[in-house]
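This is what each chain is made of:
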Amino acid sequence: MIEARHLTKTFRDKKRGEIHATEAVSFQVVPGQIYGLLGANGAGKTTTLRLLATLLQPTAGSATVAGFDVVRDAQHVRAHVGFLAASTALYGRLTARETIAYFGKLNGMAAEDIQHRTQRLADELDMHEFLDRRCDKFSTGMKQKTSIARTLIHDPVVMIFDEPTVGLDVMAARTIVRFVRDCRARGKTVIYSTHVMSEVEKLCDVIGIIHGGRLLAEGTLEQLRDRFGEQEMEEIFVKVAGEEG
Amino acid sequence: MNWKNIITIYLKELRDMLRDRRTLISMIVIPTLVMPGLVLGIGFVSYKIVNQARSTVPAVMVLGGEDSPKARAALAANQRIKIIPTTADWKQRISDKKVRAAVEIPSGFDAAIERGAPTAIKIYNYEGEMRSGFAVGEVRRFFTQYRDKVIAARLAERSLPVTLIRPFDVNSENVAPPEKVGGNVIGGLIPYFFLLLSFTGAMYPAMDLTAGEKERGTMEAILSSPIARIDLVLGKFFMVLTASLSTVLFSLVSMGLTFVIGGAMLARSGAAQRAALPSLDPFGLLAVVGMVLPMAVLFSAALLTISLFAKSFKEAQSYVSPLIIVIIMPAVVGLLPGVELNARLALVPILNVSLVSKELVSGVWHWNYLALIFGSSCVYAAIALALAVRMFNREDVIFRT
Ligand SMILES: Nc1ncnc2c1ncn2[C@@H]1O[C@H](COP(=O)(O)OP(=O)(O)OP(=O)(O)O)[C@@H](O)[C@H]1O
Ligand SMILES: [Mg+2]
């Protein structure tokens, strides 16, 4: 369960002055649901997700993730969240197994549990062949599987994906999409940011269009189609963002 | 604060670093090579220079004295200087360091001595130039002996004893421990290198573990794990400290080996050459390492703080490299003659350790100052560490754009 209430983040920048990265963003994601956060560059997607993952502190507003407040209970929030961003990388000098075990330990897991869970994740993601090789020699696909495994090691109830398919080829992107669906099937609460229209169409149960730091429209794909009288997500997006601009 | 998490972070960073060739070079190879190079290099060069200057007979010109064949002949017979033909540009030649000194014998020198009339020898030299100094010393020694002979002859003529004008002799003997003598020559330099190495050893890992991680994108993943920031900082800090201290340790061990092996080799090739190795008090040296300990904490924490601010490894380098000057400056001031330890200087970081180390390696223990310096260093180190923790809690630093 994710609940954002008027989440606001203002950055102070020497050159640009005050930047309202998010302004009073409110939404709700329930377990077994994928919430798609759709927005252009600089719309405020990463900021929103970082606020939920407690990497940033909100300037105003609040949010609860898995029942914990992101400000008062940040550590508990993080213990129940898996955060995967395109920008996050792996330690090149560690093997896949060491990487996964490291995050397991940081999540307070016992060595035995880590071992079992690694075994299971490696089965599911077909990782056995490269489990004990160093990450710096990995193909993009292998890196991605390792990243997924390290995010999932502690079996979080909430998954946060920040543009996870950026820079991936079709096959690799499909692996991710399949994996995100898997998460939903297991009853996890999923929030997924992207600027790719087709991804939200295929994947998301509820879509929120964010632009200039504000959540301008929200609903299922059907609801948005009805409301804006357009079939294509791209047209809907342009209508929403265009009205604003 | 959770020690289990701190240890998890530390062990991961340690494993990561030990697999990195660049760390191994900065942590092991450089300190292992630098110290013997320094000790042997300085010892060898200074020995060589002094020896060469001593063994080559200095060239000296004689000005005038054509009417004093006796003095000239005696001077020419002296094996320890070489009389070369006089030229008109003798001053220039001394300036050019082609001639070490010139000695002026006044006209009628022999005759004046004969008569017992006052007369004087004048020596021209290149002030401050070592080899010119040696030449002057030789010329002086010669004329002093020559004068003694004249005096002895005059006393004998009057049947007076030599003790009449020389009632007693003045002799001097060095009783300072040999460590003290060696310590003064090079002693300040070696502890200073420990300071420098404790800094350079921390430099690379501090930048890699902060700015490097930010740049590679691994930092965000760690921050989204449930560990507290303070655990993350301390885990990383202990790793940087490990790198710093092992750099010092490796240099200490390699220096010890240099002294043992180098000393044995020199002893075999002639006892006199042992002087080429600087002699240091081993316990003083260990105490220096003890004093460097809080400095290593200070450096590690400060370097972490500064490089965390950078967005990339390159940017971190541009902040950290100029700091080497900050390390070198106080240490160099500590090496200057005349700068002596006092209560106020004992509170100046780096300079205080540099000053007290100079004393320690020459076997002198100022317990009060040692306590003051160690204590103040610990306070500075704690402040730096607290600052590092603060820095890791600032999102505008972690996510600087
Ligand atoms: N740490 C920061 N300091 C200052 N400004 C920031 C910071 N992080 C983000 N911003 C600014 O806030 C705004 C929103 O950025 P954000 O990264 O959330 O957008 P985004 O939707 O993720 O964009 P993208 O598609 O480029 O990833 C942008 O104008 C960005 O420049
Ligand atoms: Mg983004």
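*Asks:* Can you explain the packing of helix α4 (residues 111-125) of chain A against helix α5 (residues 140-152) of chain A? Please cite residues and give values.
*Replies:* Between two packed helices, what matters for the description is the angle formed by their axes and the separation of those axes. All names here are of chain A. With their axes 10 Å apart at the nearest point, α4 and α5 run at an angle of 140° to one another. By the angle between their axes, α4 is oblique relative to α5. Crossing handedness for the pair α4 and α5: right-handed. Mapping the contact onto sequence places R117, L121 and L125 in α4 and K145, I148, A149 and L152 in α5.

*Asks:* Could you give me a rundown of the packing of helix α8 (residues 189-216) of chain B against helix α13 (residues 323-335) of chain B, with the residues and numbers involved?
*Replies:* Residues and elements named next belong to chain B. Axis separation between α8 and α13 bottoms out at 10 Å; the angle between their running directions is 170°. The orientation of α8 with respect to α13, classified from their angle, is roughly antiparallel. Contacts from L189, Y192, L196, F199 and M203 of α8 reach α13 at L323, I324, I327, I328, A331 and L335. Considered class by class, the residues forming the contact of α8 with α13 number 11 nonpolar, no polar and no charged.

*Asks:* Talk me through helix α8 (residues 221-228) of chain A; I want residue IDs and the actual numbers.
*Replies:* Residue and element names in this part refer to chain A. Every buried residue of α8 is accounted for by L221, L224, R225 and F228. Buried residues of α8 fall within an arc of 100° about the axis and therefore sit on the same side. Exposed residues pointing more than 90 degrees away from the buried face of α8 are listed as D226 and R227. Two residues or fewer after α8 comes G229, characterised by a positive phi angle close to 65°.

*Asks:* Break down the interface of chain A and chain B for me, with residues and values.
*Replies:* Where interface size is quoted, it is often the accessible area lost as the parts come together. Residue-level contacts link 27 residues of chain A with 26 residues of chain B. Linking chain A to chain B there are 7 salt bridges. Inspection of the region where chain A meets chain B yields 14 residue pairs in polar contact (both at pLDDT 80 or more). Of all elements in the fold, only β1 (2-13), α2 (74-79) and α3 (96-106) of chain A reach the threshold of two or more residues within the side of chain A that touches chain B. Residue contributions to the side of chain A that touches chain B peak at 5 residues, all from α3 of chain A.

*Asks:* Pulling in residues and values, what's your account of the pattern of salt bridges?
*Replies:* Evaluated as defined, the whole model comprises 40 salt bridges over all chains. The closest approach of N and O atoms between E124 of chain A and R186 of chain A, which form a salt bridge, is 3.1 Å. Taken together, the positions of E124 of chain A in helix α4 and R186 of chain A in the loop between α6 (170-185) and β8 (189-194) put the pair 62 residues apart, joining distant regions of the chain. One salt bridge in this structure joins E129 of chain B and R131 of chain B, with 3.7 Å as the shortest N-O distance. Given a relative accessible area of 13%, E129 of chain B falls into the buried group.

*Asks:* Summarise empty space enclosed by the protein; cite the residues concerned and give the values.
*Replies:* Leftover empty space is mapped by rolling, across the atoms, a probe with the size of a water molecule. Tallying each qualifying case throughout the model produces 2 cavities of 30 Å³ or more. When its volume is computed, the largest cavity comes out at roughly 80 Å³. Lining the largest cavity are 13 residues, with F103, N107, R150 and H154 of chain A together with S224 of chain B sitting closest to its centre. When residues of the lining of the largest cavity are traced back to their parent elements, those giving at least two are β6 (81-85) and α5 of chain A. For the lining of the largest cavity, the residue count by class is 5 nonpolar, 6 polar and 2 charged. Within this model, the second largest cavity holds a volume of roughly 30 Å³. Among the secondary structure elements, those contributing two or more residues to the lining of the second largest cavity are α1 (3-18) and α8 of chain B. When residues in the lining of the second largest cavity are grouped by element, the largest group, 4 residues, is from α8 of chain B. Class assignment for the residues of the lining of the second largest cavity results in 3 nonpolar, no polar and 6 charged.

The rules behind each value
Residues numbered from 1 in each chain as written. Chains lettered and ligands numbered in written order. Predicted model: local features only at pLDDT ≥ 70, side-chain atom pairs only at ≥ 80, totals over all residues. Heavy atoms only, no water. Axes fitted to C-alpha atoms, helices over the stretch in contact; angles between N-to-C directions. Helix = DSSP H or I, 4+ residues; strand = E, 2+ residues; numbered from the N terminus. Parallel < 35°, antiparallel > 145°, perpendicular 65-115°, else oblique. Left-handed = near helix turned anticlockwise from the far one by under 90°. Contact = heavy atoms within 4.5 Å. Nonpolar A, V, L, I, M, F, W, Y, C, P; charged D, E, K, R; others polar. Buried < 20%, exposed > 50% of the residue type's maximum accessible area, 1.4 Å probe, protein only. Arc of directions from axis to C-beta. Salt bridge = Lys/Arg side-chain N within 4 Å of Asp/Glu carboxyl O. Polar contact = N/O pair within 3.5 Å; in protein donor to acceptor, adjacent residues only side chain to side chain. 1 Å grid on protein atoms, 1.4 Å probe; cavity = no way out; pocket = protein on both sides within 12 Å on 5 of 7 lines; lining within 4 Å. Points joined across faces, edges and corners; volume = space filled by probe spheres on them.

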